[in-house]
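Summary of structural features
Residues per chain, in single letters:
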Amino acid sequence: AKYLAQIIVMGAQVVGRAFARALRQEFAASRAAADARGRAGHQSAAASNLSGLSLQEAQQILNISKLSAEEIQKNYEHLFKVNDKSVGGSFYLQSKVVRAKERLDEELRIQAQEDREKRQT
């Protein structure tokens, strides 16, 4: 009984240490991600939270390398038509395409606003 109790206590200590280490790592990763979002700008981070997509995710979905309104529109129209339910597409993917376009349009709006503010100062 004494050895069983010692094994249980030691096991609990090992699990407790592992949990604490994992918690510290997660906290550090969370802080690093928050710092990265802070550098990207507060408005951009807010837009990511509202749309549920990061800028990078939206660019991947629409296969956009740099923000260009024409390229965004062209890729959006193509992907929207390809994923139309009436031609055997997926409504889920079509909705992802729409959300990605909304996120990229919002980013273009934010950049245009920042450019106007820079020119005024």
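Along each chain, numbering runs from 1 in the same order as the chain's sequence is written. It should be noted that, the model being predicted, local features are given only for residues of pLDDT at least 70 and side-chain atom pairs only at 80 or more, the latter also being counted only at that level, while totals for whole chains, interfaces and linings use all residues. Water and hydrogen atoms were dropped before computing side-chain values, which therefore reflect all heavy atoms in the structure.

Moving on: the packing of aromatic side chains. We describe a pair of aromatic rings using the distance from one ring centre to the other and the angle between the two ring planes. In summary, the pairing rule links any two rings of Phe, Tyr or Trp, Trp by its six-membered ring, whose centres are within 6.5 Å, and it sorts them by plane angle into stacked for under 30 degrees, edge-to-face for over 60 and tilted for everything else. Under the criterion given, the structure shown has 1 aromatic pair. Cation over ring: lysine 101 sits above tyrosine 76, and NZ or CZ is 5.3 Å from the ring centre. To sit over a ring, a charge needs its Lys NZ or Arg CZ within 6 Å of the ring centre and within 35 degrees of the ring normal.

Take the packing of helix α4 (residues 69–82) against helix α5 (residues 91–120) next. Packing of α4 against α5 leaves a shortest axis separation of 10 Å and a crossing angle of 170°. In this view, α4 runs roughly antiparallel relative to α5, as classed from their interaxial angle. On α5, the residues touching Ala69, Ile72, Gln73, Tyr76, Leu79 and Phe80 of α4 are Gln94, Val97, Val98, Lys101, Leu104, Asp105 and Leu108. Looking at side-chain class alone, the contact of α4 with α5 contains 9 nonpolar, 2 polar and 2 charged residues. Every axis corresponds to a line fitted to the C-alpha atoms, with the helix fit spanning only the stretch in contact, and the corresponding angles, defined between N-to-C directions, vary from 0 to 180 degrees. Starting at the N terminus, helices and strands are each numbered in turn, a helix being any DSSP run of H or I of at least four residues and a strand any DSSP run of E of at least two. Orientation labels follow simple angle bins: below 35 degrees gives roughly parallel, above 145 gives roughly antiparallel, 65 to 115 gives roughly perpendicular, and whatever is left gives oblique. Contacts are assigned to residue pairs with any non-hydrogen atoms lying within 4.5 Å of each other. In this classification, Asp, Glu, Lys and Arg are treated as charged, Ala, Val, Leu, Ile, Met, Phe, Trp, Tyr, Cys and Pro as nonpolar, and every other residue, Gly included, as polar.

This paragraph deals with the pattern of salt bridges. Salt bridge, as applied in this entry: a Lys or Arg side-chain nitrogen positioned within 4 Å of an Asp or Glu carboxyl oxygen. Counted by the stated rule, this structure contains 4 salt bridges. Note that arginine 103 is salt-bridged to glutamate 107, the shortest N-O span being 2.9 Å. One end of the pair, arginine 103, and the other, glutamate 107, are both in helix α5, 4 residues apart, so they sit about a helical turn from each other. Relative accessible area decides the class of each residue, using a 1.4 Å probe on protein chains only: under 20% of the type maximum gives buried, over 50% gives exposed, and in between gives partly exposed. For glutamate 107, a relative accessible area of 6% gives the class buried. Close ionic contact of arginine 109 with glutamate 106 constitutes a salt bridge, the shortest N to O distance being 2.6 Å. Taken together, the residues arginine 109 and glutamate 106, both in helix α5 and 3 residues apart, mark about one turn of the helix. A residue is classified by how much of its surface remains accessible, and arginine 109, at 43% relative accessible area, is partly exposed. We classify glutamate 106 as partly exposed; its relative accessible area is 28%.

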